[in-house]
2 protein chains.
Amino acid sequence: MDQIYNFSAGPAVLPKEVLQQARDEMLDWHGSGMSVMEMSHRGKEFMSIAEKTESDFRELVGIPENYKVLFLQGGASSQFSMVPMNLLRGKTKANYINTGQWSTKAIKEASRYCTINVAASSEKTNFTCVPTQDKWHLDPEAAYIHYTSNETIGGVEFHWIPDIDSRNGIPLVADMSSDILSRPLDITRFGLVYAGAQKNLGPAGLTLVVVREDLLGQPLTGTPTLYDYQIHAQNDSMYNTPPTYAMYITGLVFAWLKNKGGLAMMEKINITKANLLYDLLNNNDFYHCPVAKADRSRMNVPFTLKNPALNEEFLKQADNNGLIQLKGHRSVGGMRASIYNAMPIEGVTKLVAFMNEFANQHA
Amino acid sequence: MDQIYNFSAGPAVLPKEVLQQARDEMLDWHGSGMSVMEMSHRGKEFMSIAEKTESDFRELVGIPENYKVLFLQGGASSQFSMVPMNLLRGKTKANYINTGQWSTKAIKEASRYCTINVAASSEKTNFTCVPTQDKWHLDPEAAYIHYTSNETIGGVEFHWIPDIDSRNGIPLVADMSSDILSRPLDITRFGLVYAGAQKNLGPAGLTLVVVREDLLGQPLTGTPTLYDYQIHAQNDSMYNTPPTYAMYITGLVFAWLKNKGGLAMMEKINITKANLLYDLLNNNDFYHCPVAKADRSRMNVPFTLKNPALNEEFLKQADNNGLIQLKGHRSVGGMRASIYNAMPIEGVTKLVAFMNEFANQHA
């Protein structure tokens, strides 16, 4: 197969160097004679992998000691329950910002455990923007404030961290599944951050949680043991067998990120990649991007063709050019190019060239 | 590294052919240009993998249509909560059989959701046998009967399926994490069977559940959405992103099992392997196996040295001979040889030869 570029929204492209290393180590990790999949999670070999994975992540982000890093299972959707089950801490209300389909799902699940105050919503504009903070109506009695930093489906991203006193006031919680590690992150602004791995971190089946430790230890009655962050924190994510191979691959991605120059460098590259696409969308009225310019995602770029009758042809020709997985989410249609950290700039350049050519052909 | 034999209790050895195929397909699955890890779970490539994985499993076991096969996350420990949360169905009691550490954990977690009747326990004999069914005191009002078909730590296995009318009476539920697919399985005798993948199926991070569909749809109030079997059943295990790569590897293991002759053949081989070890333990009083002969596990063979001062030397020499991960569970000490489906008979033969030689040297 010739080089392809995979624009899937997740599970998504991984760095080629990571896959090559995983291939080379598949049957024999570092002379151990074992695949990483075959290692006891409590053996010295895997323990060394787990420790390096966590320490590289802490180093990349700059995470202080009073934050726990948890390697869990279940996907970001499991966090939609775990967040209220753990963070209500005797309170009965929570603030949510609704910016799209993932926020909506988080709200729906949390509403089974508490009263939700939707402090702001962009639903009226079909989720094409982020509500500015001056329009938020926060309930001061609420246990926490939850938002989705990047809406994978809508392509709407917060390019700012809400100005909330997370330490003395209400803890800020963010679902960062689709933009974590795409830029520097000041974790001290948050009480808790979570992310499913399968977009910017590694394979599906691993969920990363970073949580300030003083928030732990007051789960709702009836919380399943494995939904209690404290249990995982006390056991270094080894209360039960963690998803070891997914942790290993994610660790390779962290090492790759360090090697690439860390998060500040990734942000520069991600801005460059996103601008290539958005410049085209701004300057070619064959295509349309519905998202407000200030809130356009650097990770997921949704766009439509002015003439939707050409959608099938666009996807077919893209495919023939090795540009795959560009079909928009089934709920919104059109196209979506997901350009996470692991998407090389060459992939975006090639996509832009193809889009220009396709527009010229069919204008 | 020379050939090693890995006796880890889990995550555990995988068939070499499976790892070789995974290595060869790592960067390009079937000419798609993608790693399986990079595929959208809703794309045609991964859908074909998921469908084959399920159909091969159904074929191997012989699963009728009224049973759902679910590919979940969370490990068997998550099932300790999910079973009562889903199967109580308005009742308030459940029967459990206690045969060791894993049964005990299941009981402890379930007791948070209902009243537990421990219908039988082998605790008084230090969990070295299975209580025969004539000694069970079942509560007829209970919602289900739970047992652990193989205790990974104690090395105690049920070589019989309890004679329970699962259809018209109380559904039988089994944790088969460490012996699933080691022998033929009449699933119609059960209401629900579950297994963490990392012993006999594939990598950690995947949990398999087989459940009779008429038992679904009555979760406890407050059950997290992802802990509701019905949600997963209605969405073919794709309500959210499943652990795709772990499913792929497990699918390769299923194909390997079919190629090896299926479960009847695996049972023959497993009996042969287990007998090699137990014959030695019976005939050499340098070693001791604490488990009652009728209930000895074919999967996990625990044993001690008469002289525990030799433990370190035994493990060191074993290691030097490429026989690794033989140390017993930290809670019981001694040794444990886990000899799952993927352990070749040559590994057991080599272990037995080493044990005889070590005994001769130190007798």
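What you see is a predicted model, and the numbers here were worked out from it, not measured in a lab.

**So, the relation of the copies chain A and chain B**
Next up, step 1: Once chain A has been moved 0.0 Å along the axis and rotated by 180°, it coincides with chain B to within an RMSD of 0.0 Å. Such a combination of rotation and displacement between the chain copies is what one expects of a two-fold axis. Among all residues of chain A, the minimum C-alpha distance to the rotation axis is found for Arg23 of chain A, at 2.5 Å.
Next up, step 2: Interface overlap between copies: 100% of the residues of chain A at the interface are likewise at the interface in chain B, consistent with a symmetric, same-surface contact.

**Regarding the interface of chain A and chain B**
Next up, step 1: Facing the 59 residues of chain A at the interface are 59 residues of chain B.
Next up, step 2: Taking both sides of the interface into account, the surface hidden between chain A and chain B amounts to around 4,600 Å²; carbon and sulfur atoms contribute 58%.
Next up, step 3: When the buried area of chain A at its contact with chain B is split by residue, Leu27, Met37 and Glu38 of chain A rank highest and sum to 14% of it.
Next up, step 4: Applying the counting criterion to the chain A and chain B interface returns zero salt bridges.
Next up, step 5: Our enumeration of links across chain A and chain B arrives at 18 residue pairs in polar contact (both at pLDDT 80 or more).
Next up, step 6: Looking at the side of chain A that touches chain B, the elements that each hand over two or more residues are helix 1 (16-24), helix 3 (76-87) and helix 6 (244-260) of chain A.

**Notes on the UniProt feature "domain: Aminotransferase class V" (unreviewed entry) in chain A**
Next up, step 1: Listed under "domain: Aminotransferase class V" (unreviewed entry) in the UniProt record, and renumbered for this structure, are residues 4-351 of chain A.
Next up, step 2: The span residues 4-351 of chain A is 32% helix and 17% strand, and its two end C-alpha atoms sit 11 Å from each other.

**Brief notes about the side chain of Arg296 of chain B**
Residues and elements named next belong to chain B.
Next up, step 1: Looking at the secondary structure, you find Arg296 in the loop between strand 11 (287-288) and strand 12 (300-305).
Next up, step 2: Although Arg296 is buried, it forms no salt bridge, and the closest oppositely charged side chain is Asp279 at an N-O distance of 7.7 Å.
Next up, step 3: At 3.4 Å, the side chain of Arg296 and the backbone oxygen of Cys289 are in polar contact.
Next up, step 4: Separated by 2.9 Å, the side chain of Arg296 and the backbone oxygen of Val291 make a polar contact.
Next up, step 5: Excluding residues within four positions of it along the chain, Arg296 makes contact with Gly155, Glu157, His159, Tyr278, Asn282, Cys289 and Val291.

**Section: the nonpolar core**
Next up, step 1: Counting residues in hydrophobic clusters, the biggest one holds 248 residues, and the most contacted among them are Tyr245, Tyr287 and Phe314 of chain A together with Tyr144, Tyr245, Tyr287 and Phe314 of chain B.
Next up, step 2: With residues near it in sequence (within four places) discarded, Tyr287 of chain B still touches Leu280, Leu281, Phe303, Thr304, Leu305, Lys306, Phe314, Met355, Asn356, Phe358 and Ala359 of chain B.

**Re empty space enclosed by the protein**
Next up, step 1: Going through the model one piece at a time under the given rule, you end up with four cavities of 30 Å³ or more.
Next up, step 2: Along the walls of the largest cavity sit 28 residues, with Gln73, Gly74 and Tyr227 of chain A together with Gln73 and Gly74 of chain B positioned nearest its centre.
Next up, step 3: Those elements that provide at least two residues to the lining of the largest cavity are strand 2 (67-72) and helix 3 of chain A together with strand 2 (67-72) and helix 3 (76-87) of chain B.
Next up, step 4: A breakdown of the residues in the lining of the largest cavity according to their chemical character gives 14 nonpolar, 14 polar and no charged.
Next up, step 5: Estimates place the volume of the second largest cavity at around 100 Å³.
Next up, step 6: Pro203, Ala204, Gly205, Pro243, Tyr245 and Ala246 of chain A together with Pro203, Ala204, Gly205, Pro243, Tyr245 and Ala246 of chain B together form the lining of the second largest cavity.

Definitions and limits used
Residues numbered from 1 in each chain as written. Chains lettered and ligands numbered in written order. Predicted model: local features only at pLDDT ≥ 70, side-chain atom pairs only at ≥ 80, totals over all residues. Heavy atoms only, no water. Least-squares fit on C-alpha atoms with pLDDT ≥ 70 in both. Contact = heavy atoms within 4.5 Å. Buried area = accessible area lost by both parts, 1.4 Å probe. Salt bridge = Lys/Arg side-chain N within 4 Å of Asp/Glu carboxyl O. Polar contact = N/O pair within 3.5 Å; in protein donor to acceptor, adjacent residues only side chain to side chain. Helix = DSSP H or I, 4+ residues; strand = E, 2+ residues; numbered from the N terminus. UniProt positions renumbered as here; feature names shortened; annotations may be inferred. Buried < 20%, exposed > 50% of the residue type's maximum accessible area, 1.4 Å probe, protein only. Lys, Arg positive; Asp, Glu negative; His and termini not counted. Core = buried A, V, L, I, M, F, W, Y, C linked by side-chain atoms within 4.5 Å. 1 Å grid on protein atoms, 1.4 Å probe; cavity = no way out; pocket = protein on both sides within 12 Å on 5 of 7 lines; lining within 4 Å. Points joined across faces, edges and corners; volume = space filled by probe spheres on them. Nonpolar A, V, L, I, M, F, W, Y, C, P; charged D, E, K, R; others polar.

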